[in-house]
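Now for the letters of each chain:
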2 protein chains.
Amino acid sequence: MGLVYTMPHEVSYYECDMSGQMTPSMLVAVAIKASEQQSEQLGRGTAYIHELGLNWIITEYEIQVKCLPSVGEKLTIKTEAISYNRFFCYRNFWILNEQGEELVSIQAIFALMNQETRKISRVQDVIIEPYESEAIKSIRRTANFLPVESFETTSLNILYYDIDENHHVNNAVYFTWMFAPLGLEFLSTHELLDSHIRFEKEVVYGDQPIVSFEKMNEGETVITKHEILVAGNVCSRGQMLWRKKEIK
Amino acid sequence: MGLVYTMPHEVSYYECDMSGQMTPSMLVAVAIKASEQQSEQLGRGTAYIHELGLNWIITEYEIQVKCLPSVGEKLTIKTEAISYNRFFCYRNFWILNEQGEELVSIQAIFALMNQETRKISRVQDVIIEPYESEAIKSIRRTANFLPVESFETTSLNILYYDIDENHHVNNAVYFTWMFAPLGLEFLSTHELLDSHIRFEKEVVYGDQPIVSFEKMNEGETVITKHEILVAGNVCSRGQMLWRKKEIK
């Protein structure tokens, strides 16, 4: 088990949707900030990684939501680099409210990308040692994505501010993209319970991405399946579980 | 002159563009947070305004940039509700770095919108008194916008998360929209010196906005003119002044 890092965070109005709940994009952005702070603290910050010709990228998120944080809430973000194998690093996040109750948990998979070849690079001991993560041999299996069968598609605009220092679309943007075709009526009446996103190919400025999605009712809940495609290739897959919001 | 409110703010990576500089959208979002905190402190927060059937809206921003804040910078946001007349409230913001140097100044015009009619409502003394702003008779004249003559247009997608609690596109989104057609090559090689945006009509979910823009070289600087249109009507006008970035 790795070192645990803790960061306080107060939710600002601009991190929230029209109902005052934190958006999934901001949730992961704030979580990643905690992991970046831990890396800085351990002498493995962005400058160190860049000097090795590498960048951290995210390849997968699994998120369980008990309750999305609200504007003004004082949160604690806890994170721990759990384990790693030759190519992947497994890091968990827990988002707690002021009473110490867990609101959200996130399991993320990180990898190191070579800046020049843009391919995944082996995890070097010198990078990973300070986190005290467990070295493992196996590659973790996550749930498979159901294929998007009967879909509608919407084209997306890549904006300058969607691009991050890795010169590709930032991982947090994909939530907004995947949710786009669900529309205001659905999004304002449903709450997200569970989210699983895999990033398979980078999307870069100048690409013309589209999002395809499919909605399936499952009793009390709704499953939505999402794919981001560029020129017919799947770049990212998502699957979300929703429940109708209780009217207050 | 009004009461001055001061808020600290540390710049997060997700508030920045790919070069690590704070985006104009986040700059105004953080500034507005300071004014909201002042309103809460003075007993004139969102709940109070909503009970009167009103919402604060922004009708205009004028922004002068000496230097955009960078990731990790510890800022001080100062704000003061300077003056008001029957319909408009004038509020200034100053964004200072850790050394107390002014990086950005913002002059904003606020108005109160009736939640039902969505028309501008008179400024009531009971709302404005605690800010100790100066009552003035005149309506401040701001610079006129040059017409966008020889333009290119790009269509925009309204995303669920662009909509704020006022049920219209949040003012901060317009910066991203206006800058969209400038493209990565221009935006990554130019720095914003000056920005003037006027909000004339709300844009709501389901609208199909387009942005038209024109670029004019003026010696060492570039002027860009922007209009956001819905069904042929101008909803917002912007004019920006840019300078080529020095290569470091």
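What you see is a predicted model; the values in this text were computed from it and never measured.

Moving on to the overall build of chain A. A tally of regular secondary structure across chain A gives five helices and 12 strands. Taken over the C-alpha trace, chain A has a radius of gyration of 18 Å; the compact-globule value for 248 residues is 18 Å, and the two agree within 12%. For chain A, the spread of C-alpha atoms along the principal axes amounts to about 50 × 45 × 35 Å. Counting only contacts in chain A whose residues sit at least 6 apart along the sequence, the fraction spanning at least 24 positions is 71%. As displayed, chain A offers around 11500 Å² of accessible surface, 49% of which is attributable to carbon and sulfur atoms.

Taken as a whole and assessed by the stated rule, the structure comprises 14 salt bridges over all chains. The shortest N-O distance in the salt bridge between E200(B) and R237(B) comes to 2.8 Å. Residue E200(B) is found in the loop between strand 9 (190-199) and strand 10 (210-218), and its partner R237(B) is found in strand 12 (residues 233-244); the two are separated by 37 residues along the sequence. For E200(B), a relative accessible area of 35% puts it in the partly exposed group. Here the salt bridges do not stand alone but share partners, grouping E200(A), E227(A) and R237(A) into one network.

So, on to the interface of chain B and chain A. Taken together, the contacts link 34 residues of chain B with 34 residues of chain A. Note on chain B versus chain A: buried area summed over both sides is about 3200 Å², and carbon and sulfur give 66% of it. Its largest share of buried area at the contact with chain A, chain B owes to M18(B), Y160(B) and Y161(B), together 27% of the area lost on that side. Where chain B meets chain A, there are zero salt bridges. Joining chain B to chain A, the criterion identifies eight residue pairs in polar contact (both at pLDDT 80 or more). Where the side of chain B that touches chain A is concerned, the elements lending two or more residues are helix 1 (24-41), helix 4 (171-179) and helix 5 (183-189) of chain B. Examining the composition of the side of chain B that touches chain A, we find that eight residues originate from one element, helix 1 of chain B, more than from any other. Per-class residue counts for the side of chain B that touches chain A are 19 nonpolar, nine polar and six charged.

The subject of this paragraph is the domain arrangement of chain A. All names here are of chain A. Under the domain assignment, chain A is made up of domain 1 (1-141) and domain 2 (143-248). With centres defined by C-alpha atoms, the gap from domain 1 to domain 2 works out at 20 Å. At the interface, 22 residues of domain 1 touch 21 residues of domain 2. Buried surface at the junction of domain 1 and domain 2, summed over both partners, amounts to about 1900 Å²; 48% is from carbon and sulfur atoms.

This paragraph deals with empty space enclosed by the protein. Residue and element names in this part refer to chain A. Counted by the stated rule, this structure contains five cavities of 30 Å³ or more. Reported here for the largest cavity is a volume of approximately 150 Å³. Around the largest cavity, the lining comprises 17 residues; the ones closest to its centre are Q21, L68, H190, E191 and L192. Top element by residues in the lining of the largest cavity is strand 9 (residues 190-199). It accounts for three residues. Residue classes in the lining of the largest cavity are distributed as 11 nonpolar, three polar and three charged. Both domain 1 (1-141) and domain 2 (143-248) contribute no fewer than three residues apiece to the lining of the largest cavity.

Residues and elements named next belong to chain A. Of the strand pairs in this sheet, strand 8 (residues 152-155) and strand 10 (residues 210-218) are connected by four bridges, and their pairing is antiparallel. Among the inter-strand pairings, E152 is bridged to a residue of strand 10, identified as F213. By the bridge criterion, nine bridges tie strand 10 to strand 11 (residues 221-230) in an arrangement that is antiparallel. From the neighbouring strand, V211 faces strand 11, where its bridge partner is I228. From the end of strand 10 to the start of strand 11, which pair antiparallel, there are two residues, and G219 there has a positive phi angle of about 65 degrees.

Here the focus is the UniProt feature "domain: Acyl-ACP thioesterase-like C-terminal" (unreviewed entry) in chain A. The UniProt feature table records "domain: Acyl-ACP thioesterase-like C-terminal" (unreviewed entry) at residues 149-244 of chain A. Within residues 149-244 of chain A, the helical portion is 12% and the strand portion 47%, while the C-alpha atoms at the span's ends are 24 Å from each other.

It is worth spelling out the packing of aromatic side chains at this point. Enumeration according to the criterion identifies 22 aromatic pairs over all chains in this entry. An angle of 80 degrees between the planes, with centres 5.3 Å apart, marks the rings of Y13(B) and Y14(B) as edge-to-face. Exposure remark for Y13(B): the relative accessible area of 21% places this residue in the partly exposed category. When the centroid spacing of 6.0 Å and the interplanar angle of 45 degrees are considered together, the rings of Y61(B) and F175(B) count as tilted. Within this pair, whereas Y61(B) is found in strand 2 (residues 54-65), its partner F175(B) is found in helix 4, the two being separated by 114 residues in sequence. You'll find Y61(B) and F175(B) in the same group, each marked buried. An aromatic cluster of at least three residues, connected via ring pairs, comprises Y61(A), Y174(A), F175(A), W177(A), F179(A), F186(A), F199(A), W242(A), Y160(B) and Y161(B).

Take the packing of helix 1 of chain B against helix 4 of chain B next. All names here are of chain B. Remark: helix 1 packs on helix 4, axes separated minimally by 8 Å, with the N-to-C direction vectors making an angle of 170 degrees. When the axes of helix 1 and helix 4 are compared, the pair comes out roughly antiparallel. Across the interface between the two elements, P24, S25 and V28 of helix 1 pack against N171, A172, F175, T176 and F179 of helix 4. In terms of residue class, the contact of helix 1 with helix 4 is made up of five nonpolar, three polar and no charged.

Mapping chain B onto chain A calls for a rotation angle of 180 degrees and an axial translation of 0.0 Å; the resulting RMSD is 0.0 Å. Taken together, the turn and the small shift mark the pair as related by a two-fold rotation axis. The C-alpha atom lying nearest the rotation axis in chain B is that of N157(B); the distance is 3.6 Å. By residue overlap, the copies meet face to face through one surface: 100% of the interface positions of chain B are interface positions in chain A.

Rules of the game
Residues numbered from 1 in each chain as written. Chains lettered and ligands numbered in written order. Predicted model: local features only at pLDDT ≥ 70, side-chain atom pairs only at ≥ 80, totals over all residues. Heavy atoms only, no water. Helix = DSSP H or I, 4+ residues; strand = E, 2+ residues; numbered from the N terminus. Rg over C-alpha atoms; globule rule 2.2 N^0.38 Å. Contact = heavy atoms within 4.5 Å. Areas by Shrake-Rupley, 256 points an atom, 1.4 Å probe, with all protein chains shown as cover. Salt bridge = Lys/Arg side-chain N within 4 Å of Asp/Glu carboxyl O. Buried < 20%, exposed > 50% of the residue type's maximum accessible area, 1.4 Å probe, protein only. Buried area = accessible area lost by both parts, 1.4 Å probe. Polar contact = N/O pair within 3.5 Å; in protein donor to acceptor, adjacent residues only side chain to side chain. Nonpolar A, V, L, I, M, F, W, Y, C, P; charged D, E, K, R; others polar. Domains from an automatic or database assignment. 1 Å grid on protein atoms, 1.4 Å probe; cavity = no way out; pocket = protein on both sides within 12 Å on 5 of 7 lines; lining within 4 Å. Points joined across faces, edges and corners; volume = space filled by probe spheres on them. Pairing = 2+ DSSP bridges. UniProt positions renumbered as here; feature names shortened; annotations may be inferred. Phe/Tyr/Trp six-rings, centres within 6.5 Å; stacked < 30°, edge-to-face > 60°. Axes fitted to C-alpha atoms, helices over the stretch in contact; angles between N-to-C directions. Parallel < 35°, antiparallel > 145°, perpendicular 65-115°, else oblique. Least-squares fit on C-alpha atoms with pLDDT ≥ 70 in both.

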